[in-house]
Amino acid sequence: MSEAQPDARSDARDLTAFQKNILTVLGEEARYGLAIKRELEEYYGEEVNHGRLYPNLDDLVNKGLVEKSELDKRTNEYALTNEGFDAVVDDLEWTLSKFVADADRRERVETIVADD
């Protein structure tokens, strides 16, 4: 008998907002830890402590949503996995299904997406 695997979708839905923001940052491109930290600090407008960032990165790696590789002996690079991409898309789909409640909102979201 095989052990039941955790449902990746529900696992991703249990992420904190901070973890989701890390996935979003990695959606653009793979980055090393300090580059992720800088992006998050720009978003939050305040310092992100190493003691907050790296344990959350480790959790995302353990969940299979982020891949960690070694750039050099002192620097790790983090990249979004296919499962991480799916988690971001799932979160966006759910949010948009609740948020886009009328034509005005739909048009505004379409404008945002078209501008990229």
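Throughout this description, residue numbers start from 1 for each chain and increase along the sequence as written. For a predicted model such as this one, the threshold for reporting local features is a pLDDT of at least 70, and the threshold for listing and counting side-chain atom pairs is 80 or more; totals across whole chains, interfaces and linings nevertheless cover every residue. Side-chain metrics rest on all non-hydrogen atoms present in the structure, leaving aside hydrogens and water.

Participant: Hey, could you run me through the overall build of the protein chain in this one?
Facilitator: Runs of H or I in DSSP of at least four residues are treated as helices and runs of E of at least two as strands, each being numbered from the N terminus. If you tally the helices and strands in the protein chain, you get six helices and three strands. Overall, the protein chain is about 50 × 50 × 20 Å in size when its C-alpha atoms are taken along their principal axes. Counting over 116 residues, the protein chain shows a buried share of 27%. Calculation of accessible area relied on Shrake-Rupley with a 1.4 Å probe; when residues are assessed, cover is drawn exclusively from the protein chains displayed. Total accessible area on the protein chain is roughly 8600 Å²; 47% of this is exposed by carbon and sulfur atoms. Note that His is not counted, nor are the chain ends; the positive residues are Lys and Arg, and the negative ones are Asp and Glu. Throughout, a charge is located at the NZ atom of Lys, the CZ atom of Arg, the CG atom of Asp or the CD atom of Glu. Here the protein chain contributes 15 positive and 28 negative side-chain charges, whose respective centroids are spaced 3 Å apart. Think of it in three bands: with a 1.4 Å probe and only protein chains considered, a residue is buried below 20% of the maximum accessible area for its type, exposed above 50%, and partly exposed in between.

Participant: What exactly am I supposed to notice about the pattern of salt bridges here?
Facilitator: Once the charged atoms of two side chains with opposite charge are near each other, the side chains can pair. Salt bridges are counted wherever a side-chain nitrogen of Lys or Arg sits within 4 Å of a carboxyl oxygen of Asp or Glu. Inspection of the entire model under this criterion finds seven salt bridges. As a salt-bridge pair, D91 and K20 come within 3.1 Å of each other at their nearest N and O atoms. One end of the pair, D91, is in helix 5 (residues 82-99); the other, K20, is in helix 2 (residues 17-28), and 71 residues separate them in sequence. For K68, the salt bridge goes to D58, with nearest N and O atoms at 3.9 Å. Residue K68 is located in strand 2 (residues 66-72), and its partner D58 is located in helix 4 (residues 50-62); the two are separated by 10 residues in the primary sequence. Looking at K68, the relative accessible area reads 40%, which means it is partly exposed. With a relative accessible area of 34%, D58 lands in the partly exposed category. Taken together, the shared-partner salt bridges connect E28, E29, R31 and E39 into one network.

Participant: What exactly am I supposed to notice about the nonpolar core here?
Facilitator: Nonpolar side chains tend to gather and get buried jointly when the protein is soluble and globular. Buried Ala, Val, Leu, Ile, Met, Phe, Trp, Tyr and Cys residues form a nonpolar core when they are joined through side-chain atoms within 4.5 Å. Formed by 18 residues in total, the largest nonpolar core has its most connected members in I22, L23, I36, L40, L53 and L60. Of all the secondary-structure elements, those providing two or more residues to this core are helix 2, helix 3 (33-44), helix 4 and helix 5. In contact with I22, not counting residues within four places along its chain, are L40, L53, N56, L57 and L60. Whether two residues touch is decided by their heavy atoms; if any such pair falls within 4.5 Å, the residues are in contact.

Participant: In this structure, what is going on with the UniProt feature "domain: Transcription regulator PadR N-terminal" (unreviewed entry) in the protein chain? I would like to understand it.
Facilitator: UniProt positions are given in the numbering used here, feature names are shortened, and annotations may be inferred rather than shown by experiment. UniProt feature "domain: Transcription regulator PadR N-terminal" (unreviewed entry): in the numbering of this structure it lies at residues 22-84. As annotated, residues 22-84 has a helix share of 56% and a strand share of 24%, and its two end C-alpha atoms lie 10 Å apart.

Participant: Honestly, the UniProt feature "binding site: Mn(2+) 1" (unreviewed entry) in the protein chain in this entry has me stumped. Any pointers?
Facilitator: According to UniProt, the "binding site: Mn(2+) 1" (unreviewed entry) feature falls on Y43. Its place among the elements puts Y43 in helix 3. Classification of Y43 as exposed rests on a relative accessible area of 60%.

Participant: Teacher, can you tell me more about the environment of K37 here?
Facilitator: Within the fold, K37 resides in helix 3. Remark: the alpha-carbon pair of K37 and L53, spanning 16 residues in sequence, is separated by 7.1 Å. Sequence-distant contacts of K37, defined by excluding residues within four places in its chain, comprise E47, V48, H50 and L53. Here a polar contact is recorded for every N or O atom pair within 3.5 Å, except that within protein the pair must consist of a potential hydrogen donor and a potential acceptor, and residues adjacent in sequence are included only if both atoms are side-chain atoms. Only 3.4 Å separates the side chain of K37 from the backbone oxygen of V48, close enough to count as a polar contact.

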